[in-house]
Amino acid sequence: MARVRPLIIGNWKMNPATVSQAGRVARGVAEALKGLTGEATVVVAPPTAFLTEVAESGAGRFLLGAQSVSPEEGGAYTGGTSVSMLRSLRVSHVIVGHSELRAKGLTDTEIARILEATVKGKLVGVLCVGECERDAQGQYFGIIENQLTSALAHIAQQDQSRVVIAYEPIWAIGTGVNATAGDIHEMQLFIQKVVADLWDRETATRVPILYGGSVSGDNAAELLKEGGVRGFLVGGASLRPREFSTIVKHAEHYARFA
Ligand code: PGA
């Protein structure tokens, strides 16, 4: 049986405040990961301004992620960062369609373009999907289905292996209230079914599905064991090196068997 490699991504969001603090956190993460088995893939996604510092301070202990990218190749796009710029900084993963950007007006159409540019550019796109709230009728499943369908519809077959899906219910992000393992498991199966309908069953079982939303050192073990996800997209706790490494340690332990 092949062991499925867990994936833990730390999203630092717009933290910390200075480059020297970013270096310190990255060194802390690198140090905290030292004692682990290395069986999990660990990605740290700092603000774009700190990518170089975090790469140097991380000393190769984790991969580098970006929190967003422009779908354009280059040119007159003030404030933009392109896929090739990220690749030249050795970034391997890009978070696409995070709910905090959706809330600021990022549309499904733009998200589809960003994901397409990311995977075409040979980076891994971590597509975030999630509902604002859960209704008794289960309409939130339709919301997730629409987000997935619009973002994945134009991904070429040869690029499908570079897609990761992160289920991040908005009500669980930064609130301290995580989805239950049962909710996560149910949604993981639903996402797999939508992907199977869009692409094919075989590919759908291979696409890593992560959970994000108030993941902590305390709940990671249970969410992995009962939730059936491949790993986590971690916000707040990813800035606390010890806690982040505890989450990685649980992921190594509870990695599912294929
Ligand atoms: P949180 O954030 O872990 O702080 O809830 C998760 C995210 O926004 O990716």
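Residues numbered from 1 in each chain as written. Predicted model: local features only at pLDDT ≥ 70, side-chain atom pairs only at ≥ 80, totals over all residues. Heavy atoms only, no water.

A look at the overall build of the protein
Now for step 1: Each helix and strand counted, the protein has ten helices and eight strands in total.
Now for step 2: Relative to the 2.2 N^0.38 estimate, which gives 18 Å for 258 residues, the radius of gyration of the protein is 17 Å and therefore close to what a compact globule would have.
Now for step 3: Scored against the burial criterion, the 258 residues of the protein give a buried share of 52%.
Now for step 4: Within the protein, counting contacts between residues at least 6 apart in sequence, those at least 24 apart form 74% of the total.
Now for step 5: For the protein, the accessible surface area stands at approximately 12100 Å², while carbon and sulfur atoms represent 51% of it.
Now for step 6: Within the protein, the 26 negative side-chain charges are centred at a point lying 8 Å from the centre of the 25 positive side-chain charges. (Helix = DSSP H or I, 4+ residues; strand = E, 2+ residues; numbered from the N terminus. Rg over C-alpha atoms; globule rule 2.2 N^0.38 Å. Buried < 20%, exposed > 50% of the residue type's maximum accessible area, 1.4 Å probe, protein only. Contact = heavy atoms within 4.5 Å. Areas by Shrake-Rupley, 256 points an atom, 1.4 Å probe, with all protein chains shown as cover. Lys, Arg positive; Asp, Glu negative; His and termini not counted. Charge placed at Lys NZ, Arg CZ, Asp CG, Glu CD.)

Notes on the packing of aromatic side chains
Each aromatic ring pair is characterised by the separation of its centres together with the angle its planes make.
Now for step 1: According to the stated counting rule, one finds three aromatic pairs in the structure shown.
Now for step 2: Their ring planes at 65° and their centres at 4.9 Å tell us that Phe 141 and Phe 190 sit as a pair that is edge-to-face. Linking Phe 141 in helix H6 (residues 140-152) with Phe 190 in helix H7 (residues 181-198), this pair joins segments that are 49 residues apart in sequence.
Now for step 3: By relative accessible area, which is 19% here, Phe 141 ends up buried.
Now for step 4: Under the relative-accessibility criterion, Phe 190 is labelled buried at 18%.
Now for step 5: Relative to Tyr 211, the ring of Tyr 167 lies with its centre 6.3 Å away and its plane at 50°, an arrangement referred to as tilted. A residue pair is termed long-range when its members are at least 10 positions apart, and Tyr 167 in strand E6 (residues 163-167) and Tyr 211 in strand E7 (residues 209-212) qualify at 44 residues. Residue Tyr 167 shares its accessibility class with Tyr 211, and that shared class is buried. (Phe/Tyr/Trp six-rings, centres within 6.5 Å; stacked < 30°, edge-to-face > 60°.)

Thoughts on the environment of Ala 117
Now for step 1: Considering the arrangement of structural elements, one finds Ala 117 in helix H5 (residues 108-120).
Now for step 2: Those residues in contact with Ala 117 that sit more than four places away from it in its chain are Pro 71 and Val 83.

Details of the nonpolar core
Now for step 1: Ranked by internal contacts, the top residues of the largest apolar core, which has 67 residues, are Leu 152, Ile 191, Tyr 211 and Phe 232.
Now for step 2: Among the elements that line this core, the one with the most residues is H7, at seven residues.
Now for step 3: Sequence-distant contacts of Tyr 211, that is, excluding residues within four places in its chain, are made with Tyr 167, Pro 169, Ala 172, Asn 178, Ala 179, Ile 184, Leu 223, Val 229, Gly 231, Phe 232 and Leu 233.
Now for step 4: Listed in part, the twelve residues of the second largest apolar core include Leu 7, Val 43, Val 124 and Ala 166. (Core = buried A, V, L, I, M, F, W, Y, C linked by side-chain atoms within 4.5 Å.)

Quick word on the packing of helix H1 (residues 19-33) against helix H10 (residues 241-254)
Now for step 1: The contact between H1 and H10 brings their axes to 8 Å, and the two run at 40°. Relative to H10, the element H1 lies oblique. Relative to H10, H1 is oriented so that their crossing is right-handed. Residue-level contacts link Val 25, Gly 28, Val 29, Ala 32 and Leu 33 of H1 to Pro 241, Phe 244, Ser 245 and Val 248 of H10.
Now for step 2: When its residues are assigned to classes, the contact of H1 with H10 shows seven nonpolar, two polar and no charged. (Axes fitted to C-alpha atoms, helices over the stretch in contact; angles between N-to-C directions. Parallel < 35°, antiparallel > 145°, perpendicular 65-115°, else oblique. Left-handed = near helix turned anticlockwise from the far one by under 90°. Nonpolar A, V, L, I, M, F, W, Y, C, P; charged D, E, K, R; others polar.)

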